[in-house]
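Given next are the chains, with one letter for each unit.
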Amino acid sequence: KEFISIIENSHLLNGRLWSIPIIFDIPESTAKEIEKLKLKIVGLIDTRWTHVGSLLNIEIYRFDKKSYCASVFGTTDSNHPGVKKVEKMGEFLIGGELEVIEEWRVKFDDVNDLDILSPQRTRTMFQEKWFQTIVAFQTRNVPHRGHEYIQKCGLENVDALLVHPVIGEKKSWDFQNHVILGSYKILAEKYYNPERVIISCLPWVMRYAWPREAILHAIIRQNFWCSHFIVGRDHAWVGNYYWTYDAQKIFDTLLPEELKITILRYENAAYCPQVKWVVTDKTSPSPTAERIFISGTKFRAMLTEWVRPPEEFIRSEIVDYLLGEKNIFID
């Protein structure tokens, strides 16, 4: 019932806003084995065969993959990475009351544990620094000048900035975890007030899920004690399945009391040769055609071909770092 409520209404049965169900698929053989043994509790292990928790009072149910994809991703096209992943899942889902072993934390080979702050840790850190308002920025890319521009615009209105890059399972040609983290550390050290910027990785499996994922991203940052959340163009975007600002417009459909975090919306940023600065339509005196737009696809192509992106595109220190790395992208 919870699963159906989220799929159909983006809410839990108790009325709380929650836009994407967190699901655990199992094959039919496992479902039959659990039913045969009449189990009410199952153990959970991670990829390292570590016992991480248990599911109590379990319920197993079949789910309609096409209906799920149409609701969550807005498409059933197999070329969509989220749809492709669902198609490979088992036919059954298992749910229940989650009991997690407190000491367990997800481990990453290329990211240090100290670079992954828990919600409890960020709350304590903000309180220690007397930060009352904090803006969060979600990313799965290395920072270019457009990112830097909207982050600083957001920071001007609050006490601090939480740069929250996603680490974990992503699609091919997304940047490697350590590359994103390393790039942001370079940027923060030289081009930000380090007292006002916190960089912490977020273990998260990207869904590329239409505007629904933007809502869930906002809820997550709310739980990290942030007061504001930046949503730019093409948030959680992939391919041509969504309109550029769909992820911003979805927040207009919510009731004011459903989110405690304020959404900051920004337009497509580009470098304007006339003013020699990053601008949007609101701030640029030049025609759109004269601006240098910062395309992630174009950026990736440059790095793949070992072509140095221009300074108007990305800080030279980050380019130096990237060109010195052997493994930039996820295979």
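Before reading further, recall that the structure is shown in the block above.
Residues numbered from 1 in each chain as written. Predicted model: local features only at pLDDT ≥ 70, side-chain atom pairs only at ≥ 80, totals over all residues. Heavy atoms only, no water.

J.: Describe the overall build of the protein chain, and please don't skip the residues or the numbers.
T.: Check the secondary structure of the protein chain and you find eleven helices and 13 strands. The C-alpha atoms of the protein chain give a radius of gyration of 21 Å, which matches the 20 Å a tight globule of 331 residues would have. Within the protein chain, the fraction of its 331 residues that count as buried is 50%. The contacts of the protein chain with a sequence gap of at least 6 include a subset with a gap of at least 24, amounting to 68%. Taken as a whole, the protein chain presents about 17500 Å² of accessible surface, with 52% of it coming from carbon and sulfur. (Helix = DSSP H or I, 4+ residues; strand = E, 2+ residues; numbered from the N terminus. Rg over C-alpha atoms; globule rule 2.2 N^0.38 Å. Buried < 20%, exposed > 50% of the residue type's maximum accessible area, 1.4 Å probe, protein only. Contact = heavy atoms within 4.5 Å. Areas by Shrake-Rupley, 256 points an atom, 1.4 Å probe, with all protein chains shown as cover.)

J.: Before we move on, can you summarise helix α1 (residues 2-9) with the specific residues and values?
T.: Turning to α1, its buried residues number three or more, namely F3, S5, I6 and I7. Among the structural elements, β3 (51-62), α3 (65-72), β4 (92-100) and α8 (210-223) are those in contact with the buried residues of α1. Positive phi appears at S10, one or two residues downstream of α1, with a value of about 60 degrees.

J.: Any chance you could break down helix α7 (residues 177-191) for me, citing the residues and the numbers?
T.: Between the first and last C-alpha of α7 there are 21 Å, a value that for 15 residues agrees with the 21 Å anticipated at 1.5 Å per step. Of the positions making up α7, those classed as buried are N177, V179, I180, L181, G182, S183, Y184, L187 and A188. If you follow the buried residues of α7, they end up packed against β5 (134-139), α6 (145-155), β6 (160-167), β7 (197-199) and α11 (316-323). (Expected span 1.5 Å × (residues − 1).)

J.: Describe the sheet that holds strand β2 (residues 41-45), with residues and values.
T.: Ordered by their spatial adjacency, four strands build an open sheet running β1-β4-β3-β2, and the pairing between neighbours is antiparallel. Lying at the two open borders of the sheet, with one neighbouring strand each, are β1 (25-26) and β2. One ladder, built from eight bridges, connects β3 with β4; its direction is antiparallel. The residue of β4 that forms the bridge with L56 is E97. (Pairing = 2+ DSSP bridges.)

J.: Go over the side chain of T280 with me, naming the residues and quoting the values.
T.: Relative to the assigned elements, T280 resides in the loop between β12 (277-279) and β13 (292-293). The residues contacting T280, other than those within four sequence positions of it, are Y149, E267, N268, A269 and R291.

J.: Please give an account of the packing of aromatic side chains that cites residues and values.
T.: Each aromatic ring pair is characterised by the separation of its centres together with the angle its planes make. Throughout the structure, instances matching the rule amount to eleven aromatic pairs. Ring centres 6.0 Å apart and planes at 40 degrees place the aromatic pair F175 and F299 in the tilted group. Linking F175 in the loop between β6 and α7 with F299 in helix α10 (residues 296-304), this pair joins segments that are 124 residues apart in sequence. The same class applies to F175 as to F299, namely buried. Each ring, one from F299 and one from F313, has its centre 5.6 Å from the other, and the planes form 40 degrees; the classification is tilted. (Phe/Tyr/Trp six-rings, centres within 6.5 Å; stacked < 30°, edge-to-face > 60°.)

J.: Requested: an account of the nonpolar core, with residues and values cited.
T.: Y68, F73, I198, F251, L259 and I263 are the most contacted members of the largest nonpolar core, which has 47 residues in total. Secondary-structure elements contributing two or more residues to this core are α1, α3, α4 (81-87), α5 (119-128), β5, β6, α8 and β9 (228-231). Of all the elements, α8 adds the most residues to this core, at six residues. For F73, the residues in contact, after removing those within four places along its chain, are Y68, H80, G82, V83, V86, R207, Y208, A209, W210 and Y242. V142, V158, I180 and C201 belong to the second largest nonpolar core, which has 41 residues in total. (Core = buried A, V, L, I, M, F, W, Y, C linked by side-chain atoms within 4.5 Å.)

J.: Can you lay out the sheet that holds β12 for me, pointing to particular residues and giving the numbers?
T.: The sheet built from three strands is open, its strands ordered β12-β11-β13 with antiparallel pairing. The sheet is open, and its two borders are formed by β12 and β13, each paired with just one other strand. Judged from the two bridges that link them, strand β11 (residues 270-272) and β13 form a sheet pairing that is antiparallel. Across the sheet, residue A270 finds its bridge partner in β13, namely F293.

J.: With reference to specific residues and values, describe unusual backbone geometry.
T.: With a phi close to 55 degrees, K38 is a non-glycine residue in the positive phi region. Here the phi dihedral of K276 falls at roughly 55 degrees; this positive angle occurs in a residue that is not glycine. For K276, the position within the fold is in the loop between β11 and β12.

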